[in-house]
Amino acid sequence: MKNQAITLILAPLQGFTDVTYRNVYARHFSGMDEALAPFISTMGQQRLKPTRIQDVAPERNTGCFIVPQILGNVAEDFTFLADHLYEMGHKQVNWNLGCPHSKIAKKQRGSGLLLYPEKIDALLAGIIPNMKPSLSVKIRLGRRNKDEISALLEVFDRHPVDEIILHPRTGEQMYTGSSDLDAFEKAEKASRHAFVYNGDITDMASFNRVRARFPHIRRIMIGRGILANPFLAEEIKGMDSGDQARQLERLRVFHDDLLAGYDKIFSGPGHLTGRMKGFWSYLGPSFDNHKKPLKKILKATTIPAYTDRVKAFFDLSLAFNPGRPL
Ligand SMILES: Cc1cc2nc3c(=O)[nH]c(=O)nc-3n(C[C@H](O)[C@H](O)[C@H](O)COP(=O)(O)O)c2cc1C
């Protein structure tokens, strides 16, 4: 089998890859080795939000090895949350230094902190020796421009981080443009730390481009590409996902299981259909001639309308043809 030496990591996608998704996905698809859970914010005054903590409870995360992620910029709040996660059983936590959203960045959290390498330096000095788990970081090239990474890498070189997950875009770019492989190469070469590649892998061609360019990188993270094509990890690992008919059937059963999982959690049709429509916005475009039937699903406001339209969509037996740009 191909690419057995590669560790595939499911990217954190807030609003998508929560424990319900991770467990259902792991029941239906193979090839993914680990997952980084969507971020948990520090809350100040040493408080914890139970629903967010529950997402990473080991007894609920039976399908896949996970690492929790923390979003924050106060050392004491960070170590408080990290130690709580350690007591729950997590030996490593990840620091979110990549979230691009301006509301978060303005508060000097996520990619907003990348403008302040000296603050990151002080935070790492305050966090790492004072918490029980070890730390990895997830970063972008910078907040405003990709040269900001040089000063950041010097900072990380001074601290014992486990690995650096780099999504080679700037924060302000959000998801526009494309992942900058040249900038990834430059950063990886300049750092003493191990790197994880993350960004824009949607099919074998984009995966192979990254592999050919960075043959020594053994840990690769994929997010939106898995939502668009849940078979992608199997394909990368050289597993047989079945023919078109089998794949359609697998997607249908996966969908129904996901819907049942969220039905237990969300109250009200708006929440449930809203969550499911999010998945369709990535999965739907992977089918040929998806436009009209997908639009119908995305316009459903009641659960019966939603389920009828999903059934109609699958009954069309459209060709599943993933790999379109995200
Ligand atoms: C809807 C959405 C939610 C995300 N949530 C998180 C998050 O909680 N933590 C994080 O570090 N990155 C988050 N990201 C960024 C992804 O983890 C990943 O870095 C990015 O999508 C690029 O990888 P991809 O091209 O494989 O999707 C999010 C991205 C999207 C689109």
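Criteria and cut-off values
- Residues numbered from 1 in each chain as written.
- Predicted model: local features only at pLDDT ≥ 70, side-chain atom pairs only at ≥ 80, totals over all residues.
- Near = placed C-beta within 6 Å.
- Helix = DSSP H or I, 4+ residues; strand = E, 2+ residues; numbered from the N terminus.
- Nonpolar A, V, L, I, M, F, W, Y, C, P; charged D, E, K, R; others polar.
- Core = buried A, V, L, I, M, F, W, Y, C linked by C-beta atoms within 7 Å.
- Buried ≥ 20, exposed ≤ 12 C-beta atoms within 10 Å, placed from the backbone.
- Domains from an automatic or database assignment.
- Contact = placed C-beta atoms within 7 Å.
- Pairing = 2+ DSSP bridges.

### Section: the site of the ligand
So, point 1. Around the ligand, a shell composed of 22 residues is seen, among which A11, Q14, P38, G223 and R224 lie nearest.
So, point 2. Elements with a contribution of two residues or more to the shell around the ligand: strand 2 (34-41) and helix 9 (224-228).
So, point 3. The class makeup of the residues in the shell around the ligand is 9 nonpolar, 10 polar and 3 charged.

### With respect to the nonpolar core
So, point 1. Core analysis: the biggest nonpolar cluster contains 74 residues, and I9, I70, V137, I164, I220 and I222 have the highest contact counts within it.
So, point 2. Counting residues domain by domain, this core receives three or more from each of domain 1 (7-236) and domain 2 (244-315).
So, point 3. Those residues in contact with I164 that lie beyond four places of it in its chain are V137, I139, F156, S191, H193 and F195.

### Quick look at the pairing of strand 8 (residues 219-222)
So, point 1. Bridge count between strand 1 (residues 7-10) and strand 8: 4 bridges; the pairing is parallel. Of the residues in strand 8, the one forming a bridge with L8 is I220.
So, point 2. Bridge count between strand 7 (residues 195-198) and strand 8: 2 bridges; the pairing is parallel. Across the sheet, the residue bridging to N198 is M221, located in strand 8.

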